[in-house]
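Below are the chains, spelled out letter by letter.
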Amino acid sequence: MIALVDCNNFYVSCERVFNPKLEDKPVGVMSNNDGCVVARSAEIKQLGVEMGMPAHQIDPHIRRQCILLSSNYALYGDMSRRVTDVLSQHTPHVDVYSIDESFLSFEGFESDSLEERCQVMRHQVRRDTGIPVSVGLSTSKTLAKIANHRAKKEPGFDGVAIMHPDSDDTRAFLEQLPVTEIWGVAGRSAVRLHTLGIENAWQLREASPQHLRKHFSVVMERIVWELRGVDCIHLDDMTQPKKQIMVSRSFGRLTNNKADLHEAIRVHTSRAGEKLRKQQGLAQAIMVFVRTNRFRDDLPSYNKSLVVPLPRPSDDSRELVRAAIAGLERIFKPGIMYQKCGVMLMDLCDHDNEQLGLLAEPVSDEKREKNEKLMATLDKLNREHGKNTVRLGMPRKVNSWELRCEHRTPRYTTRWDELACVKT
DNA sequence: TGGGCAGTT
DNA sequence: AACTGCC
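Here the structure is a predicted model, which is why all the values come from computation and not from measurement. (Residues numbered from 1 in each chain as written. Chains lettered and ligands numbered in written order. Predicted model: local features only at pLDDT ≥ 70, side-chain atom pairs only at ≥ 80, totals over all residues. Heavy atoms only, no water.)

J.: Can you walk me through the layout of surface pockets in this structure?
T.: Where empty space is left can be seen by rolling a probe of water-molecule size over the atoms. One number sums up the size of the second largest pocket: a volume of about 1000 Å³. Around the second largest pocket, the lining is made up of 30 residues, and of these D6, R40, K45, H149 and K152 lie nearest the centre. Those elements that provide at least two residues to the lining of the second largest pocket are β1 (2-7), α1 (10-18), β3 (37-40), α2 (42-46) and α6 (141-153). Take the lining of the second largest pocket: its biggest share by element is 7 residues, from α6. (1 Å grid on protein atoms, 1.4 Å probe; cavity = no way out; pocket = protein on both sides within 12 Å on 5 of 7 lines; lining within 4 Å. Points joined across faces, edges and corners; volume = space filled by probe spheres on them. Helix = DSSP H or I, 4+ residues; strand = E, 2+ residues; numbered from the N terminus.)

This is the structure we're talking about:
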């Protein structure tokens, strides 16, 4: 059996742990740059604030009743780790799927007592971390996801729902479940499934896997098997090293300032270098892109990207930055109001079996060791003292390009100076 | 009106 | 290099 453990309204729940005044209130957490609403309390859902809604599109009358917070990823990441720690006490097989979801395997466990076991686990997570979670149980990940939805929506389940793949109850539920509610099926696929006469999850389950593979891809074929209860989506590739590493951000406000883009590209590239070193990889090329706001038809639009090959495979932020800036110089167009820029490290290879190009100059062991030490020190400082404590290049006085996050709460659990104060 | 992938054209 | 799809 597989369990999907999903935190309820995760970001909002994290905020409530440290600020009980948010309990019973319509609370929302916004995405980066205070753009869209990405987490909602039950009360704000009641007011009709939809998932992914741009914050500025909320009716002002409704908005006044809501508490909208900027996202506090330092807090959510740390709370997520705490939840995972508790889950790990209940089974050795925990696959962290996202910041608020984990798949647990209960293979080899007594199946009669699984629901009870999950209730105990659920209560322990609540007690030890303050985060409410729901649990869906079945024999495949896709069905466990669906069971989890039911655990959240149908109060009778008390937070833990089990779905046996071949029961009448499962059939009845799948028959009324639109395909868009299935993990991996969204708008475009739904339209194409519709033309094949497939509207609900049961019809998809009964369709021929080969047929669907032909019309879609192996991904859709797997969904059919999964709906039949066959576990065939494997997540171990989650921990596999990434094939590309991307770092990009929107600017707090649009900018046409070349220095802003330079600084942003430097910071994003440094961050990408950190991620690359963490997975012990080397990049052979770096892509740099700039973009205008596609929703502003009143301004000229300009989207441009450029791949810059690196002289040799590298994980040295200084070499990466040099290449990225060279790329930026070639695609920067003056007089354009830019909304976003970023970099992507490409053609990643493993640190150990680095291959030198024909023209690449080998680096002496001594020099390489020095570079590695420098980068390791940089990473350590930034890890322990907060992002961007140490940066490459000249810092600027005003980071006019930096993100908007006007309503961020303290990083209660990861910063000594931002600990929650019980009484002053 | 977010960010980070993978995959296709 | 640009675009699509997904979460």
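J.: It is not clear to me how the packing of helix α4 (residues 73-88) against helix α5 (residues 114-129) should be interpreted in this structure. Could you clarify?
T.: When two helices pack together, you describe them by how their axes are tilted relative to each other and by the distance separating the axes. Running from N to C, α4 and α5 point in directions that differ by 140°, and their axes come no closer than 9 Å. For the element pair α4 / α5, the angle class is oblique. Crossing angle aside, the handedness with which α4 passes α5 is right-handed. Contacts from M79, R82, V83, V86 and L87 of α4 reach α5 at M121, Q124, V125, D128 and T129. Partitioning the contact of α4 with α5 into residue classes produces 6 nonpolar, 2 polar and 2 charged. (Axes fitted to C-alpha atoms, helices over the stretch in contact; angles between N-to-C directions. Parallel < 35°, antiparallel > 145°, perpendicular 65-115°, else oblique. Left-handed = near helix turned anticlockwise from the far one by under 90°. Contact = heavy atoms within 4.5 Å. Nonpolar A, V, L, I, M, F, W, Y, C, P; charged D, E, K, R; others polar.)

J.: How should I be thinking about the side chain of D100 in this particular structure?
T.: Its location among the elements puts D100 in the loop between β5 (94-98) and β6 (101-105). The charged side chain of D100 is buried without a salt bridge, its nearest counter-charge being K152 at 6.5 Å. Non-local contacts of D100, meaning those with residues more than four positions away in its chain, are made with V5, D6, C7 and F10. (Buried < 20%, exposed > 50% of the residue type's maximum accessible area, 1.4 Å probe, protein only. Lys, Arg positive; Asp, Glu negative; His and termini not counted. Salt bridge = Lys/Arg side-chain N within 4 Å of Asp/Glu carboxyl O.)

J.: In this structure, what is going on with the sheet that holds strand β8 (residues 160-162)? I would like to understand it.
T.: As a general point, the strands of a sheet are linked pairwise by backbone hydrogen bonds and lie either parallel or antiparallel. The strand order across the open sheet built from 5 strands is β5-β6-β1-β7-β8, with neighbouring strands paired in mixed fashion. Looking along the sheet, the strands with just one partner apiece sit at the ends: β5 and β8. Between one strand axis and the next, the sheet turns through 20° on average, direction left out of account. The sheet contact formed by β5 and β6 spans 4 bridges and is antiparallel. Looking at the pairing, D95 lines up with F103 of β6. Strand contacts of α4: β1, β5 and β6, with the helix running at about 155° to β5, the strand carrying the most contacts. Across the sheet, α5 lies against β1, β6, β7 (133-138) and β8, angled at about 160° from β7, the strand it touches most. (Pairing = 2+ DSSP bridges.)

J.: Where do I start with the packing of aromatic side chains in this structure?
T.: Two numbers describe a pair of aromatic rings. These are the distance of the centres and the angle of the planes. For the structure on display, the rule yields 11 aromatic pairs. Taking 5.1 Å as the distance between ring centres and 80° as the angle between the ring planes, the aromatic pair formed by F106 and F109 counts as edge-to-face. Lying over the aromatic face of F173, R150 brings its terminal NZ or CZ to 4.0 Å of the ring centre. Here the guanidinium or amino end of R228 rests over the ring plane of W225, the centre of that ring lying 5.1 Å away. (Phe/Tyr/Trp six-rings, centres within 6.5 Å; stacked < 30°, edge-to-face > 60°. Lys NZ or Arg CZ within 6 Å of the ring centre and 35° of its normal.)

J.: Would you take a moment to explain a negative patch on the surface for this structure?
T.: A contiguous patch of negative charge, built from D365, E366, E369 and E372, is present on the exposed surface. By the element assignment, E372 lies in helix α14 (residues 365-385). Judged by its relative accessible area of 35%, E372 falls in the partly exposed class. (Patch = residues over 30% accessible without salt bridge, like charges linked within 9 Å, V, L, I, M, F, W, Y side chains within 5 Å. Areas by Shrake-Rupley, 256 points an atom, 1.4 Å probe, with all protein chains shown as cover. Charge placed at Lys NZ, Arg CZ, Asp CG, Glu CD.)

J.: Explanation requested: the protein's contact with DNA strand B in the structure shown.
T.: By nearness alone, 20 residues border DNA strand B, and K242, Q244, M246, S248 and S250 come closest of all. In DNA strand B, atoms within 4 Å of the protein come 72% from sugar and phosphate. S248 is positioned such that a nitrogen or oxygen atom in its backbone is 2.9 Å from a phosphate oxygen of DNA strand B. Residue R249 places a side-chain N or O atom 3.3 Å away from a sugar or linking oxygen belonging to DNA strand B. Looking at the surface near DNA strand B element by element, the count peaks at 6 residues for strand β9 (residues 245-255). When grouped by side-chain class, the residues that make up the surface near DNA strand B number 5 nonpolar, 9 polar and 6 charged. (Near = heavy atom within 4 Å. Polar contact = N/O pair within 3.5 Å; in protein donor to acceptor, adjacent residues only side chain to side chain.)

J.: Looking at this model, I keep getting lost on empty space enclosed by the protein. Mind explaining?
T.: Counting across every chain of the model gives 3 cavities of 30 Å³ or more. Every residue lining the second largest cavity is listed: V5, D6, C7, S80, V83, T84, L87, S98, I99, D100, E101 and S102. Of all the secondary-structure elements, those providing two or more residues to the lining of the second largest cavity are β1, α4 and β6. By residue class, the composition of the lining of the second largest cavity is 5 nonpolar, 4 polar and 3 charged.

J.: Explain helix α12 (residues 258-278) to me, please; I cannot follow it from the model alone.
T.: Count 3.6 residues to each turn of an α-helix, and residues three or four apart come out pointing the same way. Taking 1.5 Å per residue as the helical rise, α12 with its 21 residues ought to reach 30 Å, and the 30 Å between its terminal C-alpha atoms agrees with that figure. Of all 21 residues in α12, 16 are buried; the element is thus mostly enclosed. The backbone nitrogen of A259 has a side-chain oxygen 2.8 Å away, supplied by the residue at the start of α12, namely N257. Of the residues trailing α12, Q280 is marked for its positive phi of about 55°. (Expected span 1.5 Å × (residues − 1).)

J.: How should I be thinking about the pattern of salt bridges in this particular structure?
T.: Taken as a whole and judged by the stated rule, the model has 24 salt bridges. R271 is the salt-bridge partner of E274, the closest N and O atoms lying 2.9 Å from each other. You can see E274 and its partner R271 sitting in helix α12, 3 residues apart, about one turn around the helix. D379 serves as the salt-bridge partner of R277, at 2.7 Å between the closest nitrogen and oxygen.

J.: Is there a simple way to explain the pairing of strand β10 (residues 281-291) in this structure?
T.: The side chains of a regular strand alternate, residue by residue, between the two faces of the sheet. Counting buried positions along β10 gives 9 out of 11 residues, so the element sits mostly inside the fold. As defined by bridge partners, β10 adjoins strand β11 (residues 303-314) across 8 bridges and the pair is classed as antiparallel. Residue A283 lies in a different strand from β11, and its bridge partner there is S314. With 7 bridges connecting them, β10 and strand β12 (residues 338-346) associate as antiparallel partners. When the sheet's bridge partners are listed, V290 is paired in β12 with C341.

Spatial relationships are all this shows, so hold off on functional conclusions.
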